[in-house]
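One-letter residues, chain by chain:
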2 protein chains.
Amino acid sequence: MSDDTDMMEPAAEDKGEDKGYVLESKDVAAILYAVEIDDREQLVALMEPLHAADIADLLEQISAFERARLIRLYDREFDGEILSELDESIREEVIAVLKPAVLADAVRELDSDDVVDLIEDLDDAQQETILGALEESDRALVEQSLAFPEYSAGRLMQREVVMAPEHWTVGEAIDHLRGADERELPDQFYHLVLVDPRLHPIGNVTLGKLMRSRREVHLKDLVEETFRLIPATQAESEVAYAFNQYHLISAPVVDDEGRLIGQITIDDAMAVLDEEHEEDILRLAGVGDESALSDNVAETTRQRLPWLAVNLVTSILASLVIAQFEMAIAQIVALAVLMPIVASMGGNAGTQSLTVAVRALATKDLTGANVWRVIRREVLVGLINGLVFAVVMGIVGIIWFGSPALGYVIAAAMVVNMVVAGFAGTVIPVVLDRLGVDPALASGAFVTTVTDVVGFFAFLGLAALVLL
Amino acid sequence: MSDDTDMMEPAAEDKGEDKGYVLESKDVAAILYAVEIDDREQLVALMEPLHAADIADLLEQISAFERARLIRLYDREFDGEILSELDESIREEVIAVLKPAVLADAVRELDSDDVVDLIEDLDDAQQETILGALEESDRALVEQSLAFPEYSAGRLMQREVVMAPEHWTVGEAIDHLRGADERELPDQFYHLVLVDPRLHPIGNVTLGKLMRSRREVHLKDLVEETFRLIPATQAESEVAYAFNQYHLISAPVVDDEGRLIGQITIDDAMAVLDEEHEEDILRLAGVGDESALSDNVAETTRQRLPWLAVNLVTSILASLVIAQFEMAIAQIVALAVLMPIVASMGGNAGTQSLTVAVRALATKDLTGANVWRVIRREVLVGLINGLVFAVVMGIVGIIWFGSPALGYVIAAAMVVNMVVAGFAGTVIPVVLDRLGVDPALASGAFVTTVTDVVGFFAFLGLAALVLL
């Protein structure tokens with residue numbers, strides 16, 4: 001759980017409320033002007049009411065040149081929280097601009113989990129600089145967390161947990177908390193974790209219950225009903241799922257032997273959920289999931305090119321199908337005019353089905369128990385929508401080209417392609433998921449290949465049979 | 001904040017850990033078998049270890065027929081939490097199956113915010129039944145919340161807040177909490193909200209700090225640094241944004257005059273964030289954002305048809321462009337073979353740009369401060385990728401059709417369409433957003449229309465100029 005290090009003035013806060021949460025263009029302009037004229041005092045005054053997360057957003061929105069000047073002028077006011085909030089894509093750049101002493105101070109303010117999150121994607125030299133700035137004990141904690149696999153609960157957890165032996169009473173727990181050194185306790189905590197003598201967690205007690213109970217009550221009698229252990233090696237996406245599904249506020253993290261080694265709090269789980277969604281959306285659109293708005297032209301081109309290359313191959317495949325019917329097209333040019341409609345409708349229907357399937361797989365709603373019913377539904381929906389649009393296109397074909405036969409052909413091809421779209425749009429993501437491939441990543445290319453190929457083949461093939 | 005009403009057996013919990021979080025097919029099968037043979041005891045035993053959220057998932061995954069039988073057999077074991085967790089799409093159906101007495105008991109277990117969430121989408125008769133089952137005081141709270149607009153903070157908040165006058169000391173606060181009737185306090189709470197005499201919130205004090213401080217310390221000296229007020233009329237998507245951006249755990253909700261009337265906790269904000277993402281993904285794919293996996297064929301067909309109709313219109317537009325070049329196609333059939341490639345590459349590049357823009361608008365990362373830089377970047381990326389694929393397709397055109405001129409034409413059309421795709425893919429969502437239209441909802445149709453029309457026009461037009 002991160003704490004906020006910048007004190008908000010009530011006046012600034014009220015102003016913030018009126019403005020809503022967006023950094024306004026005129027504030028950005030005022031800040032950039034202060035940077036332009038090298039007015040440090042003015043810059044600090046303008047930045048003071050901003051939350052670290054807003055300062056990070058500001059840095060992401062301006063150009064690399066403005067960023068470097070701003071950071072140099074802001075100098076020692078730069079705090080660690082801003083680094084934590086920065087998008088990964090510009091962290092290295094910002095760290096490279098910071099003076100070593102400012103960087104060291106900034107990093108020492110952070111909790112161990114935030115340092116882990118900060119450095120895991122940096123290059124080795126920057127990692128060393130930051131680890132070197134930490135105190136010995138913090139450095140050890142960070143290095144232990146880094147030993148867990150990337151995107152695991154072990155990386156996400158904070159090491160500071162407030163625990164109590166299972167046999168304690170409320171009085172003993174309160175005395176212990178009051179006697180504890182400030183520095184031993186996390187900055188914010190909401191639960192005590194009860195542990196047995198082998199350090200296995202056996203339940204959570206909320207501070208609210210602790211506070212309201214008589215001193216002689218046993219902690220064991222106060223444990224929460226919902227309690228879930230998180231194995232340190234569990235994927236962070238599973239952690240986010242569990243928090244969302246079971247409304248957890250914090251959950252203890254355990255090692256291979258079930259011993260308590262840390263905890264994860266809901267705000268970190270919420271951040272993971274947000275990232276997972278972002279990845280899914282970007283993957284579905286064939287945009288590299290590391291993509292950020294602050295990426296430059298070269299990075300963005302590099303991320304998008306592979307997906308376009310895949311699309312080129314699939315559309316060449318579709319063109320090969322068309323090429324088989326050059327004779328038919330030469331005789332009836334209307335086929336060339338109408339064929340993209342069949343492919344496009346199939347592609348859209350397929351994307352609808354596949355998006356629903358990909359989402360349902362991610363939320364664990366699509367399982368062995370209902371997969372056949374969902375496939376059946378998608379095929380039937382494809383059939384009904386196909387019939388509706390077949391009628392429409394049949395009429396369009398007849399009116400536009402005066403050929404009932406052409407109308408029937410496009411209508412039949414539409415039905416075929418939309419049924420196939422419903423089937424492929426569901427089966428392809430399910431199969432990819434079973435094979436351990438992220439369905440958000442690869443389904444799109446497969447499904448549109450199928451709907452393009454089937455669309456062109458069904459329409460041109462039927463036309464060749466019926467019309468020639 | 002919802003509390004969990006089903007007690008977990010440690011053994012079941014351990015088993016749950018080993019299995020991961022998914023309801024396994026064999027468990028579902030065992031439960032359905034118990035329903036099949038009308039074995040109530042067995043059903044209750046099998047359901048007992050399941051969390052209400054998992055039971056809701058189970059109900060969503062089985063057929064409507066199985067659902068009704070299961071609920072009737074499960075009877076009075078059915079608790080309110082399950083209703084809360086159920087997808088809206090089947091709530092009415094499930095409520096209609098429950099016996100009135102079971103429904104009344106289930107509803108009375110819930111917190112006021114959960115009741116609000118439960119009934120806001122029900123039909124009037126069901127709303128009346130549920131309101132009628134509540135005690136007078138709870139009913140009044142629910143009705144007050146329902147007076148706030150849909151999707152507002154007022155609907156999302158819980159009314160129970162623990163507040164303390166700003167002049168109190170730690171000792172006074174603790175004595176008050178210990179003296180309070182259990183029923184006056186929320187089931188779970190993490191902060192005290194300090195208020196001035198006019199009930200204006202002035203700061204949060206965490207229970208952890210309260211507990212560790214000496215009795216004579218003033219609460220005012222313990223307030224958290226980050227503190228944000230949520231106006232009751234604020235949109236829930238803005239609330240979710242604020243929690244995620246500022247790492248809030250709970251935030252006080254105030255009325256028009258700034259008086260404290262409730263609070264929102266992070267778990268509810270996380271649920272909203274999850275729903276917003278779901279909506280964005282579904283809207284981007286042209287699937288009704290109310291769509292659920294448990295919807296039947298008729299509902300699903302109805303949701304998807306309008307988007308397919310829009311797509312039909314846009315693809316007919318594209319066909320009208322092609323029709324202008326019938327002569328050219330009749331002379332060089334290769335044009336018909338290659339033209340879908342140009343359109344498809346532009347469509348994909350446009351979708352990439354638009355997805356990035358829609359996401360960045362949703363996360364408030366794309367603002368007046370950087371919109372021109374982003375447009376410039378997207379256009380340049382389109383230009384570079386366009387040039388790369390122009391070379392590839394130029395070579396393909398020459399090899400495949402033995403015509404250098406055809407190669408140049410497709411190469412040039414590719415560059416044009418991908419530059420246009422980058423431009424339209426960014427500008428269209430930005431303009432829609434400024435006009436107050438959800439860019440996730442409408443951008444796709446516009447962008448693909450542009451890339452189809454421009455793709456076909458550029459390719460066939462250039463071909464007509466150069467090759468004929």
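Residues numbered from 1 in each chain as written. Chains lettered and ligands numbered in written order. Predicted model: local features only at pLDDT ≥ 70, side-chain atom pairs only at ≥ 80, totals over all residues. Heavy atoms only, no water.

> Got a sec to walk through the pattern of salt bridges? Specific residues and values, please.
For the structure shown, the criterion picks out 40 salt bridges over all chains. One salt bridge in this structure joins Glu216 of chain A and Arg214 of chain A, with 2.9 Å as the shortest N-O distance. Between Asp255 of chain B and Arg259 of chain B there is a salt bridge, with the nearest N and O atoms lying 3.1 Å from each other. (Salt bridge = Lys/Arg side-chain N within 4 Å of Asp/Glu carboxyl O.)

> Just give me the short version of the sheet that holds strand S6 (residues 260-265) of chain B, but keep the residues and values in it.
Residue and element names in this part refer to chain B. Pairing is mixed in the open sheet, where three strands are placed in the order S4-S5-S6. Of all the strands in the sheet, the pair left with one neighbour each is strand S4 (230-231) and S6. Sheet topology places strand S5 (residues 250-254) next to S6; five bridges connect them, and they run antiparallel. When the bridges of S6 are listed, Ala251 appears paired with Ile264. Contacting S4, S5 and S6, helix H15 (residues 236-246) runs over the sheet at an angle of about 65° to S6. (Pairing = 2+ DSSP bridges. Helix = DSSP H or I, 4+ residues; strand = E, 2+ residues; numbered from the N terminus. Contact = heavy atoms within 4.5 Å. Axes fitted to C-alpha atoms, helices over the stretch in contact; angles between N-to-C directions.)

> Break down the confidence of the model for chain A for me, citing the residues and quoting the values.
Residues and elements named next belong to chain A. Across chain A, the average pLDDT comes to 89, with 95% of residues at or above 70. Averaged over each element, pLDDT in chain A is lowest for helix H1 (residues 10-19) (37) and highest for strand S4 (residues 230-231) (96). Confidence drops under a pLDDT of 50 for residues 1-19, and excluding neighbours within four residues, the segment shows 46 contacts in the predicted structure. (pLDDT = per-residue confidence, 0-100.)

> Requested: an account of unusual backbone geometry, with residues and values cited.
In this structure, Leu199 of chain A is a non-glycine residue whose phi angle is positive, near 70°. Assessed through its relative accessible area of 33%, Leu199 of chain A is described here as partly exposed. At Lys364 of chain B, a position not held by glycine, the phi torsion is positive, near 60°. With respect to the helices and strands, the residue Lys364 of chain B is situated in the loop between helix H19 (334-362) and helix H20 (371-401). (Buried < 20%, exposed > 50% of the residue type's maximum accessible area, 1.4 Å probe, protein only.)

> Hey, could you go over the packing of helix H2 (residues 25-36) of chain B against helix H5 (residues 64-74) of chain B for me, with residue numbers and the actual values?
All names here are of chain B. Packing of H2 against H5 brings their axes to within 10 Å, and their N-to-C directions diverge by 70°. In terms of axis orientation, H2 runs roughly perpendicular to H5. Contacts from Ile31, Leu32, Ala34, Val35 and Glu36 in H2 reach Glu66, Arg69, Leu70 and Leu73 in H5. Considering only residue class, the contact of H2 with H5 consists of six nonpolar, no polar and three charged. (Parallel < 35°, antiparallel > 145°, perpendicular 65-115°, else oblique. Nonpolar A, V, L, I, M, F, W, Y, C, P; charged D, E, K, R; others polar.)

> Give me the packing of aromatic side chains: which residues, what numbers.
Think of a pair of aromatic rings as described by two things: how far the centres are apart, and how the planes are tilted against each other in angle. Inspection of the entire model under this criterion finds five aromatic pairs over all chains. Here the aromatic rings of Phe325 of chain A and Phe457 of chain A are separated by 5.9 Å at their centres, their planes lie at 70°, and the arrangement is edge-to-face. A residue pair is termed long-range when its members are at least 10 positions apart, and Phe325 of chain A in the loop between helix H17 (297-323) and helix H18 (326-331) and Phe457 of chain A in helix H22 (residues 439-467) qualify at 132 residues. Residue classification places Phe325 of chain A among the buried positions, given a relative accessible area of 11%. Accessibility expressed as a relative area gives 52% for Phe457 of chain A, which makes it exposed. The residue whose ring lies beneath Lys364 of chain B is Tyr241 of chain B, and the NZ or CZ to ring-centre distance is 4.9 Å. (Phe/Tyr/Trp six-rings, centres within 6.5 Å; stacked < 30°, edge-to-face > 60°. Lys NZ or Arg CZ within 6 Å of the ring centre and 35° of its normal.)

> Describe the pairing of strand S2 (residues 191-195) of chain A, listing the residues and the values that go with them.
All names here are of chain A. Counting buried positions over the five residues of S2 gives five, a clear majority of the element. Sheet topology places S2 next to strand S3 (residues 201-206); five bridges connect them, and they run antiparallel. Each residue of the ladder has a partner; that of His191, found in S3, is Thr206. Counting the residues that bridge the hairpin from S2 to S3 gives five residues, and of these Leu199 lies at a positive phi of roughly 70°.

> Give a description of the UniProt feature "transmembrane region" (unreviewed entry) in chain A that names residues and reports values.
All names here are of chain A. Under the UniProt annotation, the feature "transmembrane region" (unreviewed entry) is placed at residues 329-358, 379-402, 408-432 and 444-467. Helix makes up 93% of residues 329-358 and strand 0%, with an end-to-end C-alpha separation of 37 Å. The span residues 408-432 shows a helical share of 100% and a strand share of 0%, and its end C-alpha atoms are spaced 36 Å apart. (UniProt positions renumbered as here; feature names shortened; annotations may be inferred.)

> Describe the sheet that holds strand S5 (residues 250-254) of chain A, and please don't skip the residues or the numbers.
Residues and elements named next belong to chain A. Sheet architecture is open: three strands sit in the order S4-S5-S6, paired in mixed fashion. Two strands in the sheet have a free side with no partner beyond their single neighbour: S4 and strand S6 (260-265). Across the sheet, helix H15 (residues 236-246) touches S4, S5 and S6, and the angle it forms with S6 is around 65°.

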